[in-house]
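Tertiary structure, described
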Amino acid sequence: MDFALDDEQTLIAQTVRRFVDKDVRAWAADADRAGAAPPRLTAVAGDLGFFLDAVPEASGGMLDGPYSHLRRAVRGHELGRGCAGMAALLETNVEPALAVGRWGSAAAAEALFGSLSAGGLATTARDSRGTLDISRDADGLRVTGKLGPVPALGTARHVLLMARCGDEPVLALIDTAGGRRAPFVPSGWRAAAWGTLTLEAASVPAAMILARGPAAADATAEVLTWYKVSLAARAAGVAVSAMEHARKYADERVQFGRPIGHFESLIRLRDDADTGAAAVRLMALHAAWQADRVKDDSTRAAAHDAASRARVMAGDVVDRATVDAVQILGGYGFVNDYPVEKLMRDARAFAQLLGDERFDRILAVRAQQGA
Amino acid sequence: MDIFHNNPMLAGVRQMLGAFAKQQIRPIADQHDRDESMPWDLMKMAQGFGMTQTAVVDGRKALTGKDEEGDAAKPKSQARIGCAGSEELAYGCAGICLAIGGSGLAASPVARMGTEEQQQEFRRLLKGDDDHGHIKVAAMALSEPSTGSDISGLSTVARPDGDHFVINGHKQWITNGASASVYVVWANTDPSAGRAGVRGFIVARGTPGLVPGRKETKLGIRASETAQVHFEDCRVHKDMLLGGGATSEGLSDTKKMLDSTRPMVGAQAVGIARAAFDYLVERVQGGTMQGTPLAHHQRVAFELAEMEMEIQAARALVHKAAWMADHNMDNVRMASMAKAYGAKVAQDVTSRALTLLGEEALESGHPVEKWYRDAKIYDIFEGTGQIQRRIIARSIFGVNPT
Ligand SMILES: Cc1cc2nc3c(=O)[nH]c(=O)nc-3n(C[C@H](O)[C@H](O)[C@H](O)COP(=O)(O)OP(=O)(O)OC[C@H]3O[C@@H](n4cnc5c(N)ncnc54)[C@H](O)[C@@H]3O)c2cc1C
């Protein structure tokens, strides 16, 4: 077992950290207030290899060989330190691109990779409560209902949808032109161009269905694994960022004749947050490592379980860490001049996106029990 | 303990303010949260209903119809009424509750320490409308940029100068700080005496040298204004020194003032928790998960059970603290427990409700999202969660808690 990052992972971490410290953190507060990422983000991040890193080289992207979720988790952790909203935008193409590369038809690949290579975005949505109305339509599907709110859907051309048609799981690529897209104003991740997509008996041709039935169940488990690993890695980064701000403040702020960082109760808050962030980072890296090694049913299930556990912890840890960072800053923590109230708002999506992780875990056990 | 019985007076307050919260506050809460604006029209209406800006000074006569001053030894009902009412208003919107009641922070030291003339002056300064046609409100300016929890470190100075004091200093995070018509400001009249020199002054808006400052953009309670206030060679007549100086206990009085409002602050936090709880119950009753009613899932149902336990426990603490105050018992420990536990429950309940609601509640201004943001202040102002625990712990060990 080796916990050290290899040279390439180290280089990625350092490069993204520089980008975060120089640009992302500088842009974060304005992007949060404006509810949009700065236009420069696309060019700067594009140069660093974001957006097209999961698109095959042959289709205009940068992926040559297998995708590394471990590398993605390493960079996600750094991005989380910068801005959760911008991080979500920079990571949004990965799941659709990987899924279409793995399971998509030539037509799906052409549609998605064509759009992404031209600078378009794609996103991922999941009907976690089973409220979409999906029926068979010849070889394709008809979909009625609302997708999202999810990040990037405000501008994305395609959505990778995980849902069910009756009892049958399906994984499909939805063209947003077939529905009504509406922007969505979120509380956190405000730079992430959120949106919803309302579909009314929208037809999804067979060529855009990536998988159905048991194959779709497996594919969905993998997509969720990727997504949750990435979420957990970013969440750990947000928690780290919250505590960086809190530590700096606690070292300087004096009450009762000493820096507040010397009070045991605040040391405890910070230590718990640091411990949680370290645990989530390791869990995310471990789940990513497993995701890179999926080769059969059992490794797929193990990777998904690890990713799901990482995300349960991530949701709790980032919530606690950011709330406690606000607490440590006291009255200053509550006002928008200081960065921590944004972090507290940003923390919520990690537990709320794509459904309630604890519920997922319970339902998974019940499914195994045949309930 | 009458909270467990049907106390008609408390039931009446609950009913009246509960209806006011649902019918008048809820419909406008989202708008004022978005605009970060004070609900001036509603505040005027509330004033008409007896929720006056001077209620604390008036002994809540307006609400109860009874004058409760007089025999100091007799049990009162003020604290319990304050708690029952605060919970209901905060159930509607904590920010609006604070907008309606924010002047109480200033009125409470005036009621506690002010002379008869000062109380009259305070009432006079709050009569009628201000230049914008808004009702007049008051601000209590204690905290400073570098002094929040440790109020003995105040650096605002009131230098005696003949019949006047000249006040210099900066105040931070002051509720109603930009709009107030009257300020109760705390300043040190004798820095060489340390905390013993701290006194309160009534300062009218428009007094030269009193400069309302920048308004803050906040995480929550956005319908309640928070602003800086600056004092630059602000001359205040010595008649406006609270209690005339001689009778005032200075800073320890300030601390007592905070003790007396703590159960009410805890009650507001309970109101937020209850709002989120009720919202969730309604959504759960209508919702399904993969075709099964949500309420049939223990994942959801037991969370609600847990929330209900926490809310009831927090409310019981609040009412015990208030009941003790009404019965002239020392309630410092209980008041801190009520405030700190209320804050914890409001944060826990709103956070867990958000997780259960999922993506829909990520929207800015979704009721539960807003309540989650509002809840956080209850662990910060009026003594942070740490300061409350410090008080409780000291009291456990028999050390003077404040
Ligand atoms: C919206 C809002 C409205 C407000 N309204 C008013 C108002 O109307 N009038 C007014 O005067 N003030 C007001 N305040 C100020 C408020 O009372 C202070 O913010 C609060 O007392 C905390 O002080 P601080 O912000 O300076 O934090 P600090 O005192 O600097 O505390 C920072 C952190 O250190 C912790 N800490 C401090 N001392 C200890 C200790 N001994 N042990 C352990 N931990 C400790 C605190 O708990 C906190 O976590 C308001 C604040 C806000 C945000």
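The numbers attached to residues start from 1 for each chain and follow its sequence in the written order. Labels are handed out in written order, letters beginning with A for the chains and numbers beginning with 1 for the ligands. With the structure being a predicted model, the display of local features is reserved for residues of pLDDT at least 70 and the display and counting of side-chain atom pairs for 80 or more, all residues being used for whole-chain, interface and lining totals. Excluded from the side-chain calculation are hydrogens and water; included are all heavy atoms of the structure.

**Observations concerning helix H5 (residues 94–101) of chain B**
For clarity, the threshold we go by: Whether a residue is buried, partly exposed or exposed follows from its accessible area with a 1.4 Å probe, protein chains only, as a fraction of its type maximum: under 20%, in between, or over 50%, in that order. Starting at the N terminus, helices and strands are each numbered in turn, a helix being any DSSP run of H or I of at least four residues and a strand any DSSP run of E of at least two.
Most of H5 of chain B is tucked away, with 7 of its 8 residues classed as buried. Those residues of H5 of chain B lying buried are Ala94, Gly95, Ile96, Cys97, Leu98, Ala99 and Ile100 of chain B.

**A look at the packing of helix H6 (residues 104–113) of chain B against helix H7 (residues 116–125) of chain B**
Residues and elements named next belong to chain B. Rules: Only the contacting stretch of a helix is used when fitting its axis, a line to C-alpha atoms as for every element, and angles between N-to-C directions run 0 to 180 degrees. Working definition: roughly parallel below 35 degrees, roughly antiparallel above 145 degrees, roughly perpendicular at 65 to 115 degrees, and oblique for all remaining angles. Working rule for handedness: look at the near helix, and if it is turned counterclockwise from the far one by less than a right angle, call the crossing left-handed; if clockwise, right-handed. Contacts are residue-level and defined by heavy atoms, with any inter-residue pair within 4.5 Å sufficient.
With their axes 8 Å apart at the nearest point, H6 and H7 run at an angle of 155° to one another. In terms of their interaxial angle, H6 and H7 are classed as roughly antiparallel. Here H6 runs over H7; the crossing is left-handed. On H7, the residues that touch Ala106, Ala107, Val110, Ala111 and Met113 of H6 are Gln118, Gln119 and Phe122.

**Let's talk about the sheet that holds strand S1 (residues 122–126) of chain A**
Where strands meet in a sheet, backbone hydrogen bonds hold them as pairs that are either parallel or antiparallel. Residue and element names in this part refer to chain A. Stated formally: One requirement defines pairing of two strands: DSSP has to find at least two bridges between them.
Spatially, S1-S4-S5-S8 is the arrangement adopted by the 4 strands of the open sheet, whose pairing is mixed. Where the open sheet ends on each side, the last strands, each with one partner, are S1 and strand S8 (209–212). Going from strand to strand, the sheet's axes swing by 15° on average, the running direction of each strand aside. Across 8 bridges, the pairing between strand S4 (residues 158–165) and strand S5 (residues 168–175) is antiparallel. Paired with Leu161 across the two strands is Ala172, which belongs to S5. Running at roughly 85° to S1, helix H5 (residues 94–103) makes contact with S1, S4, S5 and S8 of the sheet.

**So, the packing of aromatic side chains**
Quick reminder of the rule: Stacked, tilted and edge-to-face pairs are distinguished by plane angle, under 30 degrees for stacked and over 60 for edge-to-face with tilted covering the rest, among Phe, Tyr and Trp rings (Trp via its six-membered ring) whose centres lie within 6.5 Å.
Counted by the stated rule, this structure contains 14 aromatic pairs over all chains. With 5.0 Å between their ring centres and 65° between their planes, Trp189 of chain A and Phe350 of chain A make a pair best called edge-to-face. Of this pair, Trp189 of chain A sits in the loop between strand S6 (180–183) and strand S7 (195–204) while Phe350 of chain A is found in helix H10 (residues 340–352), placing the two residues 161 residues apart along the sequence. Taken as a pair, Trp189 of chain A and Phe350 of chain A share a single burial class, namely buried. Centre to centre, the rings of Tyr279 of chain B and Trp371 of chain B are 6.2 Å apart; their planes meet at 80°, and the pair counts as edge-to-face. Within this pair, whereas Tyr279 of chain B is found in helix H8 (residues 251–286), its partner Trp371 of chain B is found in helix H11 (residues 367–375), the two being separated by 92 residues in sequence. Its relative accessible area of 4% is what places Trp371 of chain B among the buried residues. An aromatic cluster of at least three residues, connected via ring pairs, comprises Phe184, Trp189, Trp194 and Phe350 of chain A.

**Section: a nonpolar patch on the surface**
Spelled out, the test is: Nonpolar side chains (Val, Leu, Ile, Met, Phe, Trp, Tyr) within 5 Å and like charges within 9 Å form the patches, drawn only from residues with over 30% relative accessible area and no salt bridge. What sets the accessible areas is the Shrake-Rupley method with a 1.4 Å probe; for residues, cover comes only from the shown protein chains. The salt bridge definition used is simple: a Lys or Arg side-chain nitrogen within 4 Å of an Asp or Glu carboxyl oxygen.
Taken together, the side chains of Met1, Phe3 and Leu282 of chain A define a hydrophobic patch exposed on the protein surface, amounting to about 450 Å² of accessible area. Positionally, Phe3 of chain A belongs in the segment before helix H1 (7–34).

**With respect to the interface of chain A and chain B**
As a reminder, the rule being used: Buried area is a sum: the accessible area each of two parts loses on coming together, probed at 1.4 Å, counted once for each and added. Each residue is assigned to one of three groups, with Ala, Val, Leu, Ile, Met, Phe, Trp, Tyr, Cys and Pro labelled nonpolar, Asp, Glu, Lys and Arg labelled charged, and all others, Gly among them, labelled polar.
Taken residue by residue, the interface counts 47 residues in chain A and 47 residues in chain B. Between chain A and chain B, the buried area comes to about 4,100 Å², and carbon and sulfur atoms account for 56% of it. Within the residue set of the side of chain A that touches chain B, elements represented by two or more residues are strand S3 (140–150), strand S9 (254–255), helix H8 (264–291), helix H9 (297–333), H10 and helix H11 (357–368) of chain A. Of the residues contributing to the side of chain A that touches chain B, the split by class is 23 nonpolar, 13 polar and 11 charged.

**Notes on the pattern of salt bridges**
Residues and elements named next belong to chain A. Inspection of the entire model under this criterion finds 61 salt bridges over all chains. Across the pair Glu200 and Arg180 runs a salt bridge, and its minimum N-O distance is 2.7 Å. Of this pair, Glu200 sits in strand S7 while Arg180 sits in strand S6, and the two are 20 residues apart along the sequence. Accessibility expressed as a relative area gives 58% for Glu200, which makes it exposed. Between Glu357 and Arg311 there is a salt bridge; the shortest N-O distance is 2.8 Å. Residue Glu357 is located in helix H11, and its partner Arg311 is located in helix H9; the two are separated by 46 residues in the primary sequence. Residue Glu357 shares its accessibility class with Arg311, and that shared class is buried. The structure contains a network of salt bridges with shared partners spanning Arg17, Asp21, Arg25, Glu78, Arg81 and Glu244.

**Structural notes on the site of the ligand**
Basically, it comes down to this: For each residue, the test is whether any non-hydrogen atom lies within 4 Å of the molecule or strand; if one does, the residue is near. Residues adjacent in sequence count toward polar contacts only when both atoms are side-chain atoms; beyond that, a polar contact is any pair of N or O atoms within 3.5 Å, and within protein one must be able to donate a hydrogen and the other to accept it.
As a structural note, the neighbourhood of the ligand is formed by 32 residues, with Arg253, Gln327 and Gly331 of chain A together with Ser149 and Thr384 of chain B the closest of them. With respect to the ligand, its neighbouring residues span chains A and B. Trp173 of chain B is positioned such that a nitrogen or oxygen atom in its backbone is 2.9 Å from a nitrogen atom of the ligand. At the level of elements, H8 and H9 of chain A together with strand S1 (138–141), strand S3 (164–175) and helix H12 (385–396) of chain B are the ones that each hand at least two residues to the shell around the ligand. Per-element tally for the shell around the ligand: the top contributor is H9 of chain A, with 4 residues. Of the residues that constitute the shell around the ligand, the class distribution is 16 nonpolar, 12 polar and 4 charged.

**Some thoughts on the domain arrangement of chain A**
Residues and elements named next belong to chain A. Rules: Residue ranges labeled as domains rest on an automatic or database domain assignment.
Entries for chain A in the domain assignment read domain 1 (7–103), domain 2 (122–212) and domain 3 (215–370). For domain 1 versus domain 2, the separation of C-alpha centres amounts to 23 Å. In this complex, domain 1 contributes 18 residues to the contact, which on the side of domain 2 involves 14 residues. Counting the surface lost from both domain 1 and domain 2, the interface buries some 1,300 Å², and carbon and sulfur atoms represent 67% of this. Of all residues in domain 1, Leu89, Pro96 and Trp103 bury the most surface against domain 2, accounting for 30% of the area lost on that side. Along the contact surface separating domain 1 from domain 2 lie 1 salt bridge. Put simply, Asp32 and Arg190 hold a salt bridge, and the shortest N to O gap is 3.7 Å. One can count 4 residue pairs in polar contact (both at pLDDT 80 or more) joining domain 1 with domain 2.

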